[in-house]
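In case you want the letters, here they are:
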Amino acid sequence: MSAAGAAEAAAVPEEPQDPALTVHLNGSGGAIKGWVVIDTLVDGLAMGGTRMTTGVSEEEVAGLARDMTEKFTLAGLRIGGAKAGIVADATNSGGAAREETFRTFGRTVKPLLHGGIHLGIDMGVTPADRAVFFEEAKYDPRYRLGAPDMPIDWRTYYEPLIDATGHGVGVAAITALEASGRTEPARVVVQGFGAVGRAVARFLEDRGHIVVGIADIRGTISADRLPVAELVAITDQFGAIDRTRLPQDVKVSAEPDAWLDVDADILILAAQKYAINAENAHRLRAGLVVEGANLASSAAAKEKVAASGAALVPGVIANIGGAASAALAVTRVVPFDLAAEARKAWVFDWVGARVRHNTRDLLEIAASRAGDPLPELLAARRKERG
């Protein structure tokens, strides 16, 4: 993107700041507390994941919904952003109680699902949970008025794409390294070892980079080189690594945010909200931060990271893989006539191309002037999408 093009894009008006609709979830035929925030509608459609944690708030859900709008704008997809949040403990909610929570959720959001608001999975919500609330709402993404039918069911389409988000985050990291002129292997710390963190670690290791630190919900482990495959094999469904089965020569720390103190070139943020914030940003040692999670850095932290000379690729660029995979199907962009492996490759290539393009343009704008480069890039993509 040229400087003139960026300046012209910056003149494009911003999207409205208020969400299009906020729905308070009080339960339909059952107890449930939460929210669905529809940030924007494009062609009558919006989508985003469903998050279940004890601390999720309306403000958090609104921020996540805005992130979805920005992701789809940057990716050039004609769909708006939305998000759902359920206040509950995902790790201690199992069996019949968990199923009833999602059946209540399905009954409650049924009008939204059938009205063009596609709600998927996010932190604390599994594909099995999604199947429950889709069934209860009698919602089948294959069929929508005014759109061609999907020839395959949602699970068959979406589950092979579980690593699409990690793939995109890895592409963002590689693209940023290339832009900096670096050619030698980089030392990588991955904060969060869920599905995204594991996929990014494998992606970067496969390309010759060295994972030296991993943080999970129990703390931080580090070594001169961590064996990613071995660690994946001893990690549970919640991203916790079994400390009793760690390889030799691995250091373990339970100190808060110890992952910030590991000497590394790249830090991948793939876990909680505001992992980097105004209080801990000064401890950052990596010269490149890539957000593999939603709202991974606070606004104050982003300012501090930029002031330190480090580069940061935001989540609305880097971690679009899962959201884009779903949006490509909902908007019927995917070539469904391809065989399963070819279709998967097509989606991964599409995600990689969009992430690479946006990362390059963001870094080009950042190099040309002071301040946050994201608003200019968003304005340019908004104009391109129309």
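Every value quoted in this text rests on a predicted model; they were computed, and no experiment measured them.

Thresholds, definitions, all that
Residues numbered from 1 in each chain as written. Predicted model: local features only at pLDDT ≥ 70, side-chain atom pairs only at ≥ 80, totals over all residues. Heavy atoms only, no water. Core = buried A, V, L, I, M, F, W, Y, C linked by side-chain atoms within 4.5 Å. Buried < 20%, exposed > 50% of the residue type's maximum accessible area, 1.4 Å probe, protein only. Contact = heavy atoms within 4.5 Å. Helix = DSSP H or I, 4+ residues; strand = E, 2+ residues; numbered from the N terminus. Pairing = 2+ DSSP bridges. Axes fitted to C-alpha atoms, helices over the stretch in contact; angles between N-to-C directions.

## What about the nonpolar core?
By size, the foremost hydrophobic cluster in this structure holds 94 residues, and its most contacted members are Leu77, Phe105, Tyr157, Leu231, Ile268 and Val290. Apart from the residues lying within four places of it in its own chain, the contact partners of leucine 77 are Phe72, Ala324, Ala327, Leu328, Thr331, Trp350 and Arg385.

## Section: unusual backbone geometry
Located in the positive-phi region is aspartate 43, a residue other than glycine, with phi close to 55°. Judged by its relative accessible area of 55%, aspartate 43 is exposed. One non-glycine residue, arginine 332, lies in the positive phi region at around 65°. Within the element layout of this structure, arginine 332 appears in the loop between helix H11 (321-330) and helix H12 (340-368). Residue arginine 332 is classed as buried on the basis of its relative accessible area, which comes to 15%.

## Quick look at the environment of isoleucine 276
Checked against the element boundaries, isoleucine 276 lands in the loop between strand S10 (266-269) and strand S11 (288-291). Here the alpha-carbon distance between isoleucine 276 and alanine 296, two residues 20 residues apart in the chain, equals 6.7 Å. When residues no more than four places from it in sequence are discounted, the contact partners of isoleucine 276 are Trp259, Leu267, Leu269, Ala281, Leu284, Val289, Ala296, Ser297, Ser298 and Ala301.

## What about the side chain of threonine 53?
Its place among the elements puts threonine 53 in strand S3 (residues 46-53). Taking relative accessible area as the criterion, threonine 53 reaches 18% and is therefore assigned buried. In contact with threonine 53, other than residues within four places in its own chain, are Ile86, Val87, Ala88 and Met123.

## What about the sheet that holds strand S2 (residues 34-38)?
Read from one edge of the open sheet, five strands run S1-S2-S4-S3-S5, paired in mixed fashion. The open sheet has two edge strands, strand S1 (21-25) and strand S5 (117-121), and neither has a second partner. In this sheet, neighbouring strand axes are inclined to one another by 20° on average, regardless of whether the strands run parallel or antiparallel. Here S3 runs beside S5; their pairing, made up of five bridges, is parallel.

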